[in-house]
Amino acid sequence: MATKARFQAIRGTRDLLPPDTALWNRVEQTAREIFGTFGFGEIRPPIFEPAGLFARAVGGETDIVSKEMYTLEDYEASDLLDRTALALRPEATASVCRAYIEHNMQQWPQPVRLYYMGPMFRRERPQKGRYRQFYQIGAEVLEAVRPETAKDAVKELAKDAAVDAEVIEMVMTFFSRLQLEGAQLEVNSIGHAAPPVDGKNVCRRGYVEHLRSELAKVKDQLGADSQRRIETNPLRVLDSKLEHEQPIIEKLPRIASHLCEECKAHYAELKRQLDLRAVPYKENWRLVRGLDYYMRTTFEITARGLGSQNAVCGGGRYDGLVELLGGPPAKGIGFAIGEDRLILSLEESAKARATGKPESTVASRQSIDVYIAWMGANACAAAIRAARSLRAAGVSVELPPAEQKFGKALERAAKLGSRFALILGENELQSGEWTLKNLADGSQRKLTESELPGFLERATQ
Ligand code: AMP
């Protein structure tokens, strides 16, 4: 006999189930509220895009694009030869920049402030806090560079730093509204890709050159990944978590001494702005972030209870990315929060606070305020009416699809954790007074059909 195939969620993906999804909804609702107060509007870009968009924006050399991207081939039914490579999005900044260009957002009032939330896909090695389908909540501020704005460079730098600080302040406000415990902000400046001065590389390029030559001297003491990165992306060596590389990395040159005057001024102003907003931070010279497009500001926020995957948010400035994608000259700053990790951390702190409290039960998977125990064919129409008016008043109702014996109905109401049972039988229909039983204390009261929604709306608030 053939066995029936049993399907399972793909490795690195998972189902989010009630009651856990209630917290996901609360987190997303809070993000909408907080980001709204900072003037951000929501963008919902598609989940798949041309693969080339990410290769261009994130960088063909990055792990995200070269190893982890889920790509597929597509073609128009009318033209089988015209095939295009698509990718499930591994991040959303590139999509937001593409949308900025596609919808001529440089003609909107600047800056354009957008936030997004949704699934991202990376073929990473799954572990706690690391999935192949994971969720990000992110935001971007994009601003077209007008010829007249380029005139006062010093003022522009100060303005950019203030925008960076406000974006960081917004994330921290969001975390504190969620009562996330132990969120730690780290900041750094990674300079910018300045053109050479007198034939010499300066700022980040100068630093990368210096770093590469210092790394070459200690190459044989490094692991295979770092050895490879000396050529491909030496900044990424600073990200290494390998224990034996730590003392070597600590002795490497630091970017601060290579920053050009503008990047130095921008970084100093960022820190001053964070102080003005009372946002505590630590500086971390090794914070370079994995994506190619960052410049000047980079930041990362870690949280408790996450083990080794403890970064809940990463972000930075990416002036020039829109132009790189074929758009007008524009500045950008943004971040992405790992929602899965944020939720894990919130759950860990809730667990720590609630030690000794009972585990959530099946009852809490669906929250029901009122169970309608109706009996007799005549009561059916009244039960449907009651369900409709109660739901319209925001009360959650379970309406059994078939009549039940009184005892069975109450048993099920209790099993579902319902707070009330509305009893509708022959007697109630005849008297016009319906019986509402409080299942917590067993007390009962009589209410008319018109009194019911108002009473339950107040009682279940
Ligand atoms: P990134 O887009 O790499 O800067 O990541 C931003 C944030 O997304 C990180 O700080 C993590 O919180 C989260 N994140 C990135 N990759 C994953 C993953 N594979 N699983 C879960 N969360 C992730």
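Conventions we followed
- Residues numbered from 1 in each chain as written.
- Predicted model: local features only at pLDDT ≥ 70, side-chain atom pairs only at ≥ 80, totals over all residues.
- Heavy atoms only, no water.
- 1 Å grid on protein atoms, 1.4 Å probe; cavity = no way out; pocket = protein on both sides within 12 Å on 5 of 7 lines; lining within 4 Å.
- Points joined across faces, edges and corners; volume = space filled by probe spheres on them.
- Helix = DSSP H or I, 4+ residues; strand = E, 2+ residues; numbered from the N terminus.
- Nonpolar A, V, L, I, M, F, W, Y, C, P; charged D, E, K, R; others polar.
- Pairing = 2+ DSSP bridges.
- Salt bridge = Lys/Arg side-chain N within 4 Å of Asp/Glu carboxyl O.
- Buried < 20%, exposed > 50% of the residue type's maximum accessible area, 1.4 Å probe, protein only.
- Polar contact = N/O pair within 3.5 Å; in protein donor to acceptor, adjacent residues only side chain to side chain.
- Phe/Tyr/Trp six-rings, centres within 6.5 Å; stacked < 30°, edge-to-face > 60°.
- Lys NZ or Arg CZ within 6 Å of the ring centre and 35° of its normal.
- Near = heavy atom within 4 Å.
- Areas by Shrake-Rupley, 256 points an atom, 1.4 Å probe, with all protein chains shown as cover.
- Contact = heavy atoms within 4.5 Å.

**Student:** Help me understand empty space enclosed by the protein in this model?
**Tutor:** Using a probe with the size of a water molecule, rolled over the atoms, empty space left in the structure can be pinpointed. Evaluation of the coordinates by the stated rule reveals 2 cavities of 30 Å³ or more. In this structure, the largest cavity spans a volume of roughly 60 Å³. Around the largest cavity, the lining residues are P111, V141, L142, E143, D160, V163, R317, K331, G332 and I333. For the lining of the largest cavity, the secondary-structure elements that each account for two or more residues are β6 (133-144), α5 (153-177) and β11 (330-338). Looking at the lining of the largest cavity, its residues break down into 5 nonpolar, 1 polar and 4 charged. Taken together, F38, F40, R113, V141, V163, E166, V167 and M170 make up the full set of residues lining the second largest cavity. If one sorts the elements of the lining of the second largest cavity by residue count, α5 sits on top with 4 residues. Among the residues forming the lining of the second largest cavity, the class breakdown is 6 nonpolar, no polar and 2 charged.

**Student:** Sorry if this is basic, but what is going on with the pairing of strand β3 (residues 71-76) here?
**Tutor:** Successive residues of a regular strand alternate their side chains across the two faces of the sheet. The sheet contact formed by β3 and strand β4 (residues 79-88) spans 6 bridges and is antiparallel. Residue pairing for β4: D74 is matched across the bridge by T84. The loop that links β3 with its antiparallel partner β4 comprises 2 residues.

**Student:** Just checking my understanding: could you explain the pattern of salt bridges for this structure?
**Tutor:** Pairing between side chains becomes possible if they bear opposite charge and their charged atoms approach one another. Under the criterion given, the structure shown has 28 salt bridges. Linking E49 and R98 is a salt bridge whose minimum nitrogen-to-oxygen distance equals 2.7 Å. Of the two residues, E49 sits in strand β2 (residues 48-50) while R98 sits in helix α4 (residues 93-102), which places them 49 residues apart along the sequence. Linked by salt bridges that have partners in common, E143, E156, K159, D160 and K331 make up one network.

**Student:** Any chance you could explain the side chain of S349 here in plain terms?
**Tutor:** Its place among the elements puts S349 in helix α11 (residues 339-353). On the basis of relative accessibility, which here comes to 9%, the residue S349 falls in the buried class. In terms of polar contacts, S349 uses its side chain to reach the backbone carbonyl oxygen of S345, at 2.8 Å.

**Student:** Explain the packing of aromatic side chains here, please?
**Tutor:** Aromatic ring pairs are defined here through the distance separating the ring centres and the angle between the ring planes. Within this structure, the stated rule accounts for 5 aromatic pairs. Summarising the aromatic geometry, the rings of F35 and Y115 are spaced 5.6 Å apart at their centres and angled 70° between planes, so their arrangement reads as edge-to-face. In this pair, F35 is assigned in helix α1 (residues 20-37) and Y115 in strand β5 (residues 112-121), connecting sequence segments 80 residues apart. There is no split in this pair, since F35 and Y115 are both buried. For the pair F174 and F175, a centre-to-centre distance of 5.8 Å together with 35° between the ring planes defines the contact as tilted. Assigned by exposure class, F174 and F175 land together as buried. Taken together, F35, Y115, F174, F175 and F335 form an aromatic cluster joined through their ring pairs. Of note, R123 hangs over the ring of Y70, and the distance from its end group to the ring centre comes to 4.3 Å. The aromatic ring of Y267 is capped on one face by K271, whose charged end is 4.2 Å from the ring centroid.

**Student:** Just to check I follow, could you spell out the site of the ligand for this structure?
**Tutor:** Around the ligand, the surrounding shell holds 14 residues, and the nearest of these are R122, E124, Y131, R289 and A311. Here an oxygen atom of the ligand sits 2.7 Å away from a polar atom, N or O, in the main chain of A311. A distance of 3.4 Å separates an oxygen atom of the ligand from a polar atom in the backbone of G338. Within the complex, 91% of the 490 Å² of free accessible area of the ligand lies under protein. Among the secondary structure elements, those contributing two or more residues to the shell around the ligand are β6, β10 (311-317) and β11. Among the elements that take part in the shell around the ligand, β10 stands out by supplying 3 residues, more than any other. In the shell around the ligand, the residues fall into 6 nonpolar, 3 polar and 5 charged.

**Student:** So what exactly am I meant to see when it comes to α4 here?
**Tutor:** The α-helix advances 3.6 residues per turn, and as a result positions three or four apart in sequence lie on the same side. Counting buried positions over the 10 residues of α4 gives 8, a clear majority of the element. Looking only at α4, the buried set comprises T93, A94, S95, V96, C97, R98, A99 and Y100. Where α4 is buried, its residues contact β2, α2 (51-58), β5, β6, α10 (321-324) and β11. Looking at the residues trailing α4, positive phi occurs at N104, about 50°.

Read these as geometric descriptors, not functional statements.
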